Amino acid sequence: MDLIVISAPQSVDNEAAMINQLFDAGLTRFHLRKPEWNIHQFVNLLEGIDQAFHPNIALHQHHMLTDNFNIKRLHYPEKHRVNSGAEKWYDQKQKGYVLSTSIHHLAEIPLMKEFEYVFFSPVFNSLSKPGYQSLLEEDFVLKKKNHEPKVIALGGVDETNLKNAVKMNFNGVAILGAIWNTPELATVNFKKLNNILNNQLE
């Protein structure tokens, strides 16, 4: 089961060093999402991240930076996706890119066949967006078909409900607030979540 970390939307002190520490602690996929950042800010952060970890980073903005860094993962936020199209996605996949996107309605899952995985949110009440409430019942179980993309649970995932996300049959979880609400504990909190997940799946 995938455990993905999404960057804080704002700047974080010593952020590149913290991201390197997360990878050293076992992180295998990091989504770089900074909606308000310009391309130069992206470049500065990426240059501070160990090059060995670049293939494990997905870009939410400034996709053209894949030409400068060894990055083959592109994420399409919902607004970006509706302004793109299947022809572009097909071309990118042919060039070896791994594509992901975000959805907020389960009925959209079968329509996302061009993407390897989708973030579905909010699964729980958000930790980083006050008032962003889950619409799922406590006993919800995701029904999936083999030809559909993987579905990653996003929204309010922390150590108190991670096991519930596993029981809900998601392919993975993405965490944001559980890591960046206390940046000084980012690596410690990641290790806790990773251990819970590994123990749950044993």
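Higher on the page you've got the structure.
Everything numeric in this text was worked out from a predicted model, so none of it was measured.

Engineer: Describe in detail the overall build of the chain, supporting the description with residues and values.
Structural biologist: Along the backbone of the chain there are seven helices and eight strands. Taken against the 2.2 N^0.38 rule, which gives 17 Å for 202 residues, the C-alpha radius of gyration of the chain at 16 Å falls within 12% of a compact globule. Dimensions of the chain, computed from C-alpha atoms along their principal axes, come out at roughly 45 × 40 × 35 Å. Sorting the 202 residues of the chain into buried and exposed places 50% on the buried side.

Engineer: Residues and numbers for the sheet that holds strand S5 (residues 98-103), please.
Structural biologist: Here we have eight strands rolled up into a closed barrel, ordered S1-S2-S3-S4-S5-S6-S7-S8, and parallel in their pairing. Going from strand to strand, the sheet's axes swing by 30 degrees on average, the running direction of each strand aside. In the sheet, strand S3 (residues 57-59) pairs with strand S4 (residues 73-76) via two bridges, with the strands oriented parallel. Bridge pairing links Ala 58 to Arg 73 in S4. Where helix H4 (residues 86-94) meets the sheet, it contacts S4 and S5, and its direction lies at approximately 165 degrees from that of S4.

Engineer: Which residues make up the pairing of strand S6 (residues 117-120), and what values go with them?
Structural biologist: Of the two faces of S6, the one carrying Tyr 117 and Phe 119 and the one carrying Val 118 and Phe 120 are both buried. Sheet analysis places S5 next to S6, joined by four bridges and oriented parallel. Residue pairing for S6: Ser 102 is matched across the bridge by Phe 119.

Engineer: How would you explain the pattern of salt bridges if you had to name every residue and give the values?
Structural biologist: Throughout the structure, instances matching the rule amount to seven salt bridges. Lys 150 is the salt-bridge partner of Asp 2, the closest N and O atoms lying 4.0 Å from each other. Of this pair, Asp 2 sits in strand S1 (residues 2-6) while Lys 150 sits in strand S7 (residues 150-154); the two residues are 148 residues apart in sequence, bridging distant segments of the chain. Residue classification places Asp 2 among the buried positions, given a relative accessible area of 16%. Where Arg 81 meets Glu 78, a salt bridge forms, and the shortest distance between an N and an O atom there is 4.0 Å.

Engineer: Summarise the packing of aromatic side chains; cite the residues concerned and give the values.
Structural biologist: For the structure on display, the rule yields eight aromatic pairs. Judged by centre distance (6.2 Å) and plane angle (65 degrees), the ring pair of Tyr 76 and Trp 89 falls under edge-to-face. Pair noted here: Tyr 76 is in strand S4 and Trp 89 is in helix H4, with a separation of 13 residues, a long-range link. No difference in accessibility class separates Tyr 76 from Trp 89, as the two residues are buried.

Engineer: With reference to specific residues and values, describe unusual backbone geometry.
Structural biologist: The peptide bond linking Ser 121 to Pro 122 adopts the cis configuration, its omega dihedral lying at -5 degrees. If you trace the backbone, Pro 122 turns up in the loop between S6 and S7. Of note, the phi angle at His 62 is positive, near 55 degrees, even though the residue is not glycine. The residue Asn 169 is not glycine, and still its phi comes out positive at about 80 degrees. Looking at the element boundaries, Asn 169 is found in the loop between helix H5 (162-167) and strand S8 (172-175). When its relative accessible area of 32% is taken as the criterion, Asn 169 is described as partly exposed.

Engineer: I'd love a proper account of the side chain of Thr 66, names of residues and values included.
Structural biologist: Structurally, the position occupied by Thr 66 is in the loop between S3 and S4. In terms of polar contacts, Thr 66 uses its side chain to reach the backbone carbonyl oxygen of His 63, at 3.1 Å.

Engineer: Which residues make up the side chain of His 75, and what values go with them?
Structural biologist: One can find His 75 in strand S4. Engagement of the side chain of His 75 in a polar contact is seen with the side chain of Ser 102, the distance being 2.8 Å.

Engineer: If you had to explain the layout of surface pockets to someone new, which residues and values would you point to?
Structural biologist: Considering only enclosed or pocket space, the largest pocket measures out at about 600 Å³ in volume. Taken together, 32 residues line the largest pocket, and the ones lying closest to its centre are Arg 33, Ser 121, Lys 129, Leu 154 and Leu 176. Those elements giving two or more residues to the lining of the largest pocket turn out to be helix H3 (78-82), S8 and helix H6 (177-180). Here the element with the most residues in the lining of the largest pocket is H3; it accounts for three residues. Its boundaries defined by the atoms lining it, the second largest pocket holds a volume of some 150 Å³. Every element with two or more residues in the lining of the second largest pocket is listed here: H6 and helix H7 (186-201). Here the lining of the second largest pocket takes three residues from H7, the largest share from any one element. A breakdown of the residues in the lining of the second largest pocket according to their chemical character gives three nonpolar, four polar and three charged.

Rules used in this analysis
- Residues numbered from 1 in each chain as written.
- Predicted model: local features only at pLDDT ≥ 70, side-chain atom pairs only at ≥ 80, totals over all residues.
- Heavy atoms only, no water.
- Helix = DSSP H or I, 4+ residues; strand = E, 2+ residues; numbered from the N terminus.
- Rg over C-alpha atoms; globule rule 2.2 N^0.38 Å.
- Buried < 20%, exposed > 50% of the residue type's maximum accessible area, 1.4 Å probe, protein only.
- Pairing = 2+ DSSP bridges.
- Axes fitted to C-alpha atoms, helices over the stretch in contact; angles between N-to-C directions.
- Contact = heavy atoms within 4.5 Å.
- Salt bridge = Lys/Arg side-chain N within 4 Å of Asp/Glu carboxyl O.
- Phe/Tyr/Trp six-rings, centres within 6.5 Å; stacked < 30°, edge-to-face > 60°.
- Polar contact = N/O pair within 3.5 Å; in protein donor to acceptor, adjacent residues only side chain to side chain.
- 1 Å grid on protein atoms, 1.4 Å probe; cavity = no way out; pocket = protein on both sides within 12 Å on 5 of 7 lines; lining within 4 Å.
- Points joined across faces, edges and corners; volume = space filled by probe spheres on them.
- Nonpolar A, V, L, I, M, F, W, Y, C, P; charged D, E, K, R; others polar.

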